[in-house]
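Take a look at the letters that make up each chain.
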Amino acid sequence: QVQLVESGGGLVQPGGSLRLSCAASGSIFSINRMGWYRQAPGKQRELVAVITSGGSTNYAGSVKGRFTISRDNAKNTVYLQMNSLKPEDTAVYYCNAQVVTRIYTYLEVWGQGTLVTVSS
């Protein structure tokens, strides 16, 4: 069993910043890719940013240059630093992790989501 716990969401004014965190716990041998996705009201879930265990990153075009994804492998934690936030960034943000468990099974795990609201 593996769990992802997100934190850091909230209400911020346009142009402001937020930092999301997602910590994985449980029967973890290693974590390959970790990432952040978001889902706005009435829209499909979309990729925001992902990072491999080696530190390679990929971003959605809409957030490139404003958001930065990073991870602490020792803590099994991924972060999303969001700067210059826009109202269109308003969404529920979900953490995702591709986990190899201690019994060498593969799991794709999702967090419960954290709401980010960008509004004046």
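A quick note: this is a predicted structure, and the numbers were derived from the prediction, not measured.

Engineer: Whenever I open this one, the pattern of salt bridges confuses me. Can you help?
Structural biologist: Between side chains of opposite charge, a pair can form as their charged atoms come close. The tally for this structure, following the rule as stated, stands at three salt bridges. Note that R66 is salt-bridged to D89, the shortest N-O span being 2.8 Å. One end of the pair, R66, is in the loop between β6 (57-59) and β7 (67-72); the other, D89, is in the loop between β8 (77-82) and β9 (91-101), with 23 residues separating them in the sequence. Assessed through its relative accessible area of 1%, D89 is described here as buried.

Engineer: Help me understand the state of the cysteines in this model?
Structural biologist: Simply put, disulfide is the name for a covalent bond between the sulfur atoms of two cysteines. This structure, assessed with the given rule, holds one disulfide. Note that C22 is cross-linked by a disulfide to C95, the S-S spacing being 2.1 Å. Measuring the twist about the S-S bond at about -85 degrees, one finds the C22-C95 disulfide to be left-handed. Within this pair, whereas C22 is found in strand β3 (residues 18-26), its partner C95 is found in strand β9, the two being separated by 73 residues in sequence.

Engineer: Help me out: how do you make sense of the sheet that holds β3 in this one?
Structural biologist: Within a beta sheet, neighbouring strands are joined by backbone hydrogen bonds and run either parallel or antiparallel to one another. In spatial order, the strands read β1-β3-β8-β7; together these four strands make up an open sheet with antiparallel pairing. Single-partner strands in this sheet number two, and they are β1 (2-7) and β7. Direction aside, the axes of adjacent strands within the sheet are offset by 15 degrees on average. Relative to β3, β1 runs antiparallel, the two sharing six bridges. Along β3, the bridge assignment pairs V5 with A23.

Cut-off values and rules
Sequence positions are assigned chain by chain, starting from 1 and proceeding in written order. Predicted model: local features are reported for residues with pLDDT of at least 70 only, side-chain atom pairs are reported and counted for 80 or more only, and whole-chain, interface and lining totals are derived from all residues. Working from all heavy atoms in the structure, the side-chain values ignore hydrogens and water. Note on definitions: salt bridges are taken to be side-chain nitrogens of Lys or Arg within 4 Å of carboxyl oxygens of Asp or Glu. In this text, helices come from DSSP runs of H or I with a minimum length of four residues, and strands from runs of E with a minimum of two, each type numbered from the N-terminal end. Think of it in three bands: residues with accessible area under 20% of the maximum for their type are buried, residues over 50% are exposed, and the middle band is partly exposed, with areas taken using a 1.4 Å probe on protein chains only. Criterion for a disulfide: a pair of cysteine sulfur atoms at a distance within 2.5 Å. When DSSP finds two or more bridges between two strands, those strands count as paired. Axis angles are defined between N-to-C directions and span 0 to 180 degrees, where every axis is a line fitted to C-alpha atoms and, for a helix, only to the segment in contact.

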